[in-house]
Amino acid sequence: MEIDLLNPNPQVEKTQHKLKKLVPTPKSFFMDIKCPGCYNLTTVFSHAQTVVKCEGCSTVLCQPAGGKCKLAYGCAFRPKEDY
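Residues numbered from 1 in each chain as written. Predicted model: local features only at pLDDT ≥ 70, side-chain atom pairs only at ≥ 80, totals over all residues. Heavy atoms only, no water.

A few words now on the state of the cysteines. Should the sulfur atoms of two cysteines be covalently bonded, the bond is a disulfide. Applying the stated criterion across every chain yields a total of zero disulfides. With no disulfide partner, C38 has as its closest neighbouring cysteine sulfur the one in C54, 3.4 Å distant. Residue classification places C38 among the partly exposed residues on the basis of a relative accessible area of 29%. (Disulfide = S-S within 2.5 Å. Buried < 20%, exposed > 50% of the residue type's maximum accessible area, 1.4 Å probe, protein only.)

What follows is the structure, encoded as structure tokens:
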């Protein structure tokens with residue numbers, strides 16, 4: 001079976017483990033979380049290890065869950081753009 005190492009298929013690279021990729025990249029990212037109460041945006045790391053609260057109304061936005069943080073009910077998020 002022949003594999004083109006110079007031009008890998010993006011779909012195959014996305015499904016592989018982070019250490020098995022040709023160019024290792026992390027799966028963590030920064031994200032904006034919108035508070036369900038006051039609609040403030042808070043920037044949080046995807047693998048946060050502490051409880052994150054809203055600065056405006058002190059509502060818990062996410063809790064650590066071993067790997068990625070678990071969002072509270074009603075919170076919406078979007079990944080930050082890469083620059």
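That shown, we press on.
A separate point is the nonpolar core. Of all hydrophobic cores here, the largest spans eleven residues; its members are M31, I33, C35, V44, A48, V52, C54, L61, C62, C69 and C75. Leave out the neighbours within four places in its chain, and A48 touches P64 and C69. (Core = buried A, V, L, I, M, F, W, Y, C linked by side-chain atoms within 4.5 Å. Contact = heavy atoms within 4.5 Å.)

Here we come to the sheet that holds strand β6 (residues 76-79). Reading across from one edge, β2-β1-β6 is the order of the three strands in this open sheet, with antiparallel pairing throughout. A strand with exactly one partner marks an edge of an open sheet, and here the two such strands are β2 (41-45) and β6. Geometrically, the sheet is characterised by an average inter-axis angle of 30° between neighbouring strands, direction not taken into account. By the bridge criterion, four bridges tie strand β1 (residues 30-34) to β6 in an arrangement that is antiparallel. Looking at the pairing, I33 lines up with F77 of β6. (Pairing = 2+ DSSP bridges. Helix = DSSP H or I, 4+ residues; strand = E, 2+ residues; numbered from the N terminus. Axes fitted to C-alpha atoms, helices over the stretch in contact; angles between N-to-C directions.)

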